Each structure stands twice: as structure tokens, then as C-alpha cells.
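Architecture and fold: a report
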Amino acid sequence: MHLDATDKKLINLLQNDSKQTTKQLSLQLNLSVTAIYERIKKLENQKVINKYVAIINKHKIEKSFLVFCHVKLIQHSKEYVTTFEREILKLEEVSECFHVSGDYDYILKIYVKDMDEYRGFMVTKLTAIKHIGSTHSTFAIEQVKNTTAINL
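Residues numbered from 1 in each chain as written. Predicted model: local features only at pLDDT ≥ 70, side-chain atom pairs only at ≥ 80, totals over all residues. Heavy atoms only, no water.

On to the packing of helix 2 (residues 22–29) against helix 3 (residues 33–45), then. Remark: helix 2 packs on helix 3, axes separated minimally by 8 Å, with the N-to-C direction vectors making an angle of 105°. The angle between the axes of helix 2 and helix 3 places the two elements in the roughly perpendicular class. For the pair helix 2 and helix 3, contact is made by Thr22, Lys23, Leu25, Ser26 and Leu29 and by Val33, Ile36, Tyr37 and Ile40, respectively. Taken together, the residues of the contact of helix 2 with helix 3 sort by class into six nonpolar, two polar and one charged. (Axes fitted to C-alpha atoms, helices over the stretch in contact; angles between N-to-C directions. Helix = DSSP H or I, 4+ residues; strand = E, 2+ residues; numbered from the N terminus. Parallel < 35°, antiparallel > 145°, perpendicular 65-115°, else oblique. Contact = heavy atoms within 4.5 Å. Nonpolar A, V, L, I, M, F, W, Y, C, P; charged D, E, K, R; others polar.)

What follows is the structure, encoded as C-alpha cells:
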């Protein structure tokens, strides 16, 4: 799908605040409300916009301890990869999981309350998954930048 300059501006505005009304967006883009509505529907139908979400304050829900956990499987076979990925989807503490190249096979982004909760997660959940050879955990000290927006 080809995105014109107006589509890109509209996407950037929606990424910044998706609760804006079509009226508010139309004023910013100098288009009619109907034109904005149609463009948004087209972007949704073409799966350029996948979904709308609320971004929560992790401190308010006691999930501000951020861990990046690198995981290496004992072997990189289809069976082991499939098993690991199926099991990781079940872990609510894992907000993101990336299959990566390099020394490790996966990088997990994990939110928990504190170090004690992370230890419990490691001991009872993560290491219970078959075929994990090793893990390496890195703890976030300070969030310097965090955005869900992809600037167009």
C-alpha cells in the first residue's frame, strides 16, 4: 500500500494520541471529517493500523522492574524453537519476545514488581521451559527513551 504525505501525517497524529476525534484531526490536516474517517478506515482495512491500545504507567501497577533476558536454547532445532515459542506465549510477565541472531537465540522483555518477583519467575516459570541452555539477565536502571511511535 502506498502512503501519501497526508496518510503519514495522519498516522503520526494517531500514534501520538489515538483518542483524537475525526474533527480534531480534520482541523490539523485541513481535510473534511469524512475524508479523515475514510482514510482511517482505509488504514485499518489495509492493516497499516493494527489496533488501538492504552499505555499504562507501570509504576502505578507495580510492574516497573524491567528485565531484558537473553535466552540460548541447547540446540536450534525446529522442535526446540517451536516448544520454546509456544511456552513463552503463556508467560504474562513477558511483554515482548524477539528471535534474534548472535550469541543468544531470544531476547525477552519482562516486567515484574521487583528482584524477588523476577527470581520467582526465573525459578518457577522460565527455567521450567524445556531446551533452554542458558540465560543472561540485564536490569534496566533508567528509561532514557520509550516510544511505541514509528515516525513517518
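This next bit is on the packing of aromatic side chains. Within this structure, the stated rule accounts for four aromatic pairs. Between Phe65 and Phe139 the ring centres are 5.5 Å apart and the planes differ by 40°, which places this aromatic pair in the tilted class. Taken together, the residues Phe65 in strand 1 (residues 65–73) and Phe139 in strand 4 (residues 132–139) connect sequence positions 74 residues apart. Through a chain of ring-to-ring contacts, the aromatic side chains of Phe65, Tyr118, Phe121 and Phe139 assemble into a single cluster. Positioned over the ring face of Tyr104 is Lys72, at 5.4 Å from the centre of the ring. (Phe/Tyr/Trp six-rings, centres within 6.5 Å; stacked < 30°, edge-to-face > 60°. Lys NZ or Arg CZ within 6 Å of the ring centre and 35° of its normal.)

Sheet analysis places strand 1 next to strand 3 (residues 106–112), joined by seven bridges and oriented antiparallel. Residue pairing across strands places Cys69 opposite Leu108, the latter belonging to strand 3. By the bridge criterion, seven bridges tie strand 1 to strand 4 in an arrangement that is antiparallel. Across the sheet, the residue bridging to Phe68 is Thr138, located in strand 4. (Pairing = 2+ DSSP bridges.)

Mapped onto the elements, Ile110 comes out in strand 3. It is 29 Å that separates the C-alpha atoms of Ile110 and Glu44, two residues lying 66 residues apart in sequence.

Okay, the state of the cysteines next. Evaluated as defined, the whole model comprises zero disulfides. The thiol of Cys69 is not disulfide-bonded; the next cysteine sulfur, from Cys97, is found 9.9 Å away. Given a relative accessible area of 31%, Cys97 falls into the partly exposed group. (Disulfide = S-S within 2.5 Å. Buried < 20%, exposed > 50% of the residue type's maximum accessible area, 1.4 Å probe, protein only.)

Turning our attention to helix 1 (residues 5–16). Here helix 1 contains 12 residues, and its C-alpha end-to-end distance of 17 Å stays within 8% of the 16 Å for a straight helix at 1.5 Å per residue. Within helix 1, burial applies to Asp7, Leu10, Ile11, Leu13 and Leu14. Buried residues of helix 1 fall within an arc of 165° about the axis and therefore sit on the same side. For helix 1, the exposed residues lying more than 90 degrees away from the buried face are Ala5 and Asn16. (Expected span 1.5 Å × (residues − 1). Arc of directions from axis to C-beta.)

Positive phi, normally seen in glycine, also occurs at Glu62, with a value near 55°. Under the relative-accessibility criterion, Glu62 is labelled partly exposed at 48%. Unlike most non-glycine residues, His131 shows phi in positive territory, near 75°. Along the polypeptide, His131 turns up in the loop between helix 5 (115–124) and strand 4.

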